[in-house]
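This is what each chain is made of:
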Amino acid sequence: MVIWRGTTPTIQVVFKTVDPANITNAKLTFYTEQGTVIEKDLSTAEVGSTSISWTLTQQETLDIQSSGRLPLYVICNWLTSGGTRGVSVNDTVKFKKNPVNEVMT
C-alpha cells in the first residue's frame with residue numbers, strides 16, 4: 001500500500017465471505033514493531049455491501065510519516081454479531097514524499 005504524505009487516503013477492507021453488515025466491532029491499526037501508531041474503530045468507518053472503509057485525515061498522514069518509525073504496517077481486526085473474529089491481510093505501508101507538507105484548507 002502506498003500513501004502520499006499529507007493526503008486523505010481511504011483504506012478499504014474487502015470481505016468475500018463475511019457480510020460487513022454483520023460486523024459489530026472493527027479496528028484498523030497502523031503499527032510498527034514498537035507498537036500502535038494510529039487506530040481507527042468502526043464508528044469512524046463507512047460500511048458498504050462488501051467492504052469497510054476508513055479515510056485518514058491530512059494531519060494523520062503527516063503525523064504517521066513524521067513519527068519516523070518504519071517499517072509501518074496496517075491490519076484490520078473484526079468481530080461479527082455471531083462472535084466470529086477475523087483479521088485482514090497484514091499490509092506494509094510505503095509513504096511517498098510530498099513537497100506540500102501541511103494541512104491544506
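Residues numbered from 1 in each chain as written. Predicted model: local features only at pLDDT ≥ 70, side-chain atom pairs only at ≥ 80, totals over all residues. Heavy atoms only, no water.

Q: Residue-level account of the overall build of the chain, with values.
A: In terms of regular secondary structure, the chain is built from 1 helix and 9 strands. Mapped from its N terminus to its C terminus, the chain presents α and β elements in the order β-β-β-β-β-β-α-β-β-β. Taken against the 2.2 N^0.38 rule, which gives 13 Å for 105 residues, the C-alpha radius of gyration of the chain at 14 Å falls within 12% of a compact globule. Over its C-alpha atoms, taken along the principal directions, the chain stretches across nearly 45 × 30 × 20 Å. Across the 105 residues that make up the chain, the buried fraction comes to 37%. Considering only residue pairs separated by 6 or more positions, the chain has 65% of its internal contacts joining residues 24 or more positions apart. For the chain, the accessible surface area stands at approximately 6400 Å², while carbon and sulfur atoms represent 49% of it. Of note, the chain has its 9 positive side-chain charges centred 8 Å away from the centre of its 9 negative side-chain charges. (Helix = DSSP H or I, 4+ residues; strand = E, 2+ residues; numbered from the N terminus. Rg over C-alpha atoms; globule rule 2.2 N^0.38 Å. Buried < 20%, exposed > 50% of the residue type's maximum accessible area, 1.4 Å probe, protein only. Contact = heavy atoms within 4.5 Å. Areas by Shrake-Rupley, 256 points an atom, 1.4 Å probe, with all protein chains shown as cover. Lys, Arg positive; Asp, Glu negative; His and termini not counted. Charge placed at Lys NZ, Arg CZ, Asp CG, Glu CD.)

Q: Explain the pattern of salt bridges residue by residue, including any values.
A: Using the criterion set out here, one finds 2 salt bridges in the structure. Glu39 is the partner of Lys27 in a salt bridge, and the nearest nitrogen-oxygen pair spans 3.9 Å. With a gap of 12 residues between them, Lys27 in strand S3 (residues 23–32) and Glu39 in strand S4 (residues 35–41) connect regions that are remote in the sequence. Its relative accessible area of 36% is what places Lys27 among the partly exposed residues. The class for Glu39 is partly exposed, based on a relative accessible area of 42%. (Salt bridge = Lys/Arg side-chain N within 4 Å of Asp/Glu carboxyl O.)

Q: Lay out the packing of aromatic side chains with the relevant residues and their values.
A: What the rule picks out here adds up to 2 aromatic pairs. For the ring pair Tyr31 and Tyr73, a centre distance of 5.4 Å and an interplane angle of 35° mean the geometry is tilted. Within this pair, whereas Tyr31 is found in strand S3, its partner Tyr73 is found in strand S7 (residues 72–80), the two being separated by 42 residues in sequence. Tyr73 gets classed as buried once you look at its relative accessible area, which sits at 16%. (Phe/Tyr/Trp six-rings, centres within 6.5 Å; stacked < 30°, edge-to-face > 60°.)

Q: Any chance you could break down the pairing of strand S2 (residues 10–14) for me, citing the residues and the numbers?
A: Alternating residues of S2 divide into Ile11 and Val13, all buried, and Thr10, Gln12 and Val14, none buried. Bridge analysis of S2 against strand S6 (residues 51–55) gives 5 bridges, and the strand direction is antiparallel. Across the sheet, the residue bridging to Ile11 is Trp54, located in S6. (Pairing = 2+ DSSP bridges.)

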